[in-house]
2 protein chains.
Amino acid sequence: MNYKMILQYEGTRYNGWQRQGNTAQTIQGKLETLLSRLTGEEVEVQGSGRTDAGVHAKGQTANFHLKSVWEPGKLMEEMNRYLPADIGVLELEQAPERFHSRLNAAGKLYRYQIWMEGKADVFSHRYFYSLGKKLDCKAMEEAAKLLIGERDFKSFCGNGNMKKSTVRQLRQIELRPTWKGKALEIDFEGNGFLQQMVRILTGTLIEVGLGQRNAGQMTEILEAKNRQAAGFTAPAQGLCLMQVMYNKDGRPEGMPR
Amino acid sequence: MNYKMILQYEGTRYNGWQRQGNTAQTIQGKLETLLSRLTGEEVEVQGSGRTDAGVHAKGQTANFHLKSVWEPGKLMEEMNRYLPADIGVLELEQAPERFHSRLNAAGKLYRYQIWMEGKADVFSHRYFYSLGKKLDCKAMEEAAKLLIGERDFKSFCGNGNMKKSTVRQLRQIELRPTWKGKALEIDFEGNGFLQQMVRILTGTLIEVGLGQRNAGQMTEILEAKNRQAAGFTAPAQGLCLMQVMYNKDGRPEGMPR
């Protein structure tokens, strides 16, 4: 039986999503250890993608197979009882046997939060990059427009040895002031994202917002296909995986039927 | 020069407000150490009241005297720069020489948050008591009504050796469902609160909400003037000091002019 779940976690205490040996504190590791204990089976949890150390999630999606049959509501309750307070299962349901949270993902929505003015709210500081500087949002929006579309994002890829295609479709970048203009949130939606891509896009947009780069430079950066051409990698704590989108039949978008 | 400030803090990492020797991690200690370093003077920070270990604040008010003259905006900026991310100064201004944040307080508003259904939101769990049980809010409201007024709250006082008067005016208790009914927040407003009073009131109301006590028992509990008569002390992490009220002229309410 295949189970699909939607998860939220506060990434602060974790070394990211991916299991790493026996000792490291990871989200995947926590989930697999718990599910194995609850079911007595060896369970492998497949996430829609890895999130870096310190990155949060409000809608990470994952799936796992069990030989034993569980009522999804009951299993979710048991999981939430034993998971630490900073990992929660929001939804759990049976999924078609061939559903795979990563291979079938049709899109993702990430949100990056920046605190611009004064000190970040003490109850929210874990979810913001505390920049403490005003950003020119108009210039950032201008730059963002040049990044939209199906493009080779090699310059925005944190993995220098990436062998596979670095072409992704970036559908939307939306900037929104929050906290009465003291903060800024940026939503990135696309069919998929390369390693650290959202953080490098954000870092580059921040450099535009600080006047250190012109918006027009984005085209050159894309053409360079070189990580050195883009801006800094914005810190993990400002990033949150908001949602993973799937087509109704579970097929990735654009895939032949 | 006397300075008045409004503070917010996440109490999770702290042993409460009050300075305790040299080693303990307290809010007052952090503020005094920083102010002494910034100004080169020995500074004593007076809070409107002590908050227990683990209790949060969105509107704690405090004052301190300095021999040197500081522009309040500049001093606040410096404080926020060096304070940890979980303590913030929201407002700082010069106050009349005789203003005292505790002696002049005319009222306080506390909020207690309880998570009733399922697992607390992972991004808010530090601010909730995770009860995981549905509460009968109608019964709790009925009980709350019997607690309102100027009364002797000795049964709701955590300090068994309290020598001073245990009479306080409890002006309002307001229950409000939040998080689509999954959580409950209770606001307590009064002219002052005894040690752990809000937490014991909350614990007693929770016992009513769970059907372990009748609402009508509140009158007996008040009359008993005995801590044993009331309910359990609800955990600190659900509590937040929201606001400290002062009269326009800084005099406590009901004090002769």
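- In the annotation of an unreviewed UniProt entry, chain A is listed under the name tRNA pseudouridine synthase A and assigned to Candidatus Enterocloster faecavium.
- For the record of chain A, the UniProt heading Subunit (unreviewed entry) holds the text "Homodimer."

### Regarding the environment of Phe128(A)
Residues and elements named next belong to chain A.
- Its location among the elements puts Phe128 in the loop between β5 (107-115) and β6 (129-130).
- A sequence separation of 104 residues divides Phe128 from Ala24, and the C-alpha atoms of the two residues are 24 Å apart.
- Apart from the residues within four sequence positions on either side, Phe128 is in contact with Gln113, Ile114, Trp115, Trp179, Ala183, Gln237 and Gly238.

### As for helix α2 (residues 72-82) of chain B
Residue and element names in this part refer to chain B.
- Three or more residues of α2 are buried, namely Pro72, Leu75, Glu78, Met79 and Asn80.
- Summarising the contacts, the buried residues of α2 are in contact with β1 (2-9), α1 (27-39), β3 (56-65) and β4 (87-95).
- Two or three places before Gly73, at the opening of α2, Glu71 has a side-chain oxygen 3.2 Å from that residue's backbone nitrogen.

### Here's the deal with the side chain of His125(A)
- You can see His125(A) is positioned in the loop between β5 and β6.
- The contact partners of His125(A), leaving out residues within four places of it in the chain, are Ala120(A), Gln237(A), Ala85(B) and Asp86(B).

### Structural notes on the UniProt feature "active site" (unreviewed entry) in chain A
All names here are of chain A.
- The sites that UniProt annotates as "active site" (unreviewed entry) are Asp52.
- Relative to the helices and strands, Asp52 resides in the loop between β2 (46-47) and β3 (56-65).
- Judged by relative accessible area, Asp52 falls into the partly exposed class, the value being 24%.
- Ignoring any residue separated from it by four or fewer positions in sequence, one finds Asp52 in contact with Gly16, Gln196 and Arg199.

### A few points about the packing of aromatic side chains
- Applying the stated criterion to the full structure yields 18 aromatic pairs over all chains.
- Here the aromatic rings of Trp115(A) and Trp179(A) are separated by 5.1 Å at their centres, their planes lie at 55 degrees, and the arrangement is tilted. Here Trp179(A) lies in the loop between β8 (167-178) and β9 (183-190) and Trp115(A) lies in strand β5, a separation of 64 residues in the sequence.
- Trp179(A) sits in the partly exposed class, given a relative accessible area of 41%.
- Consider the rings of Phe153(B) and Phe156(B), whose centres lie 6.2 Å apart with planes at 65 degrees: the pair is edge-to-face. We note that Phe153(B), like Phe156(B), is buried.
- One Lys or Arg, Lys58(A), reaches over the ring of Phe123(B) and ends 5.3 Å from the middle of that ring.

### Focus on the relation of the copies chain B and chain A
- Once chain B is rotated about the relating axis by 180 degrees and shifted along it by 0.0 Å, it coincides with chain A to within an RMSD of 0.0 Å. The transformation relating the two chain copies, once decomposed into turn and shift, fits a two-fold axis.
- Comparing interface residues between copies, 100% of those in chain B also lie at the interface in chain A; the contact surface is shared.

### Comments concerning the side chain of Thr202(A)
Residue and element names in this part refer to chain A.
- Within the element layout of this structure, Thr202 appears in helix α4 (residues 197-209).
- Of the polar contacts made by the side chain of Thr202, one reaches the backbone oxygen of Val198; its length is 2.7 Å.
- In contact with Thr202, not counting residues within four places along its chain, are Tyr112, Ile114, Ile186, Phe188 and Ala234.

Parameters and conventions
Residues numbered from 1 in each chain as written. Chains lettered and ligands numbered in written order. Predicted model: local features only at pLDDT ≥ 70, side-chain atom pairs only at ≥ 80, totals over all residues. Heavy atoms only, no water. UniProt positions renumbered as here; feature names shortened; annotations may be inferred. Helix = DSSP H or I, 4+ residues; strand = E, 2+ residues; numbered from the N terminus. Contact = heavy atoms within 4.5 Å. Buried < 20%, exposed > 50% of the residue type's maximum accessible area, 1.4 Å probe, protein only. Polar contact = N/O pair within 3.5 Å; in protein donor to acceptor, adjacent residues only side chain to side chain. Phe/Tyr/Trp six-rings, centres within 6.5 Å; stacked < 30°, edge-to-face > 60°. Lys NZ or Arg CZ within 6 Å of the ring centre and 35° of its normal. Least-squares fit on C-alpha atoms with pLDDT ≥ 70 in both.

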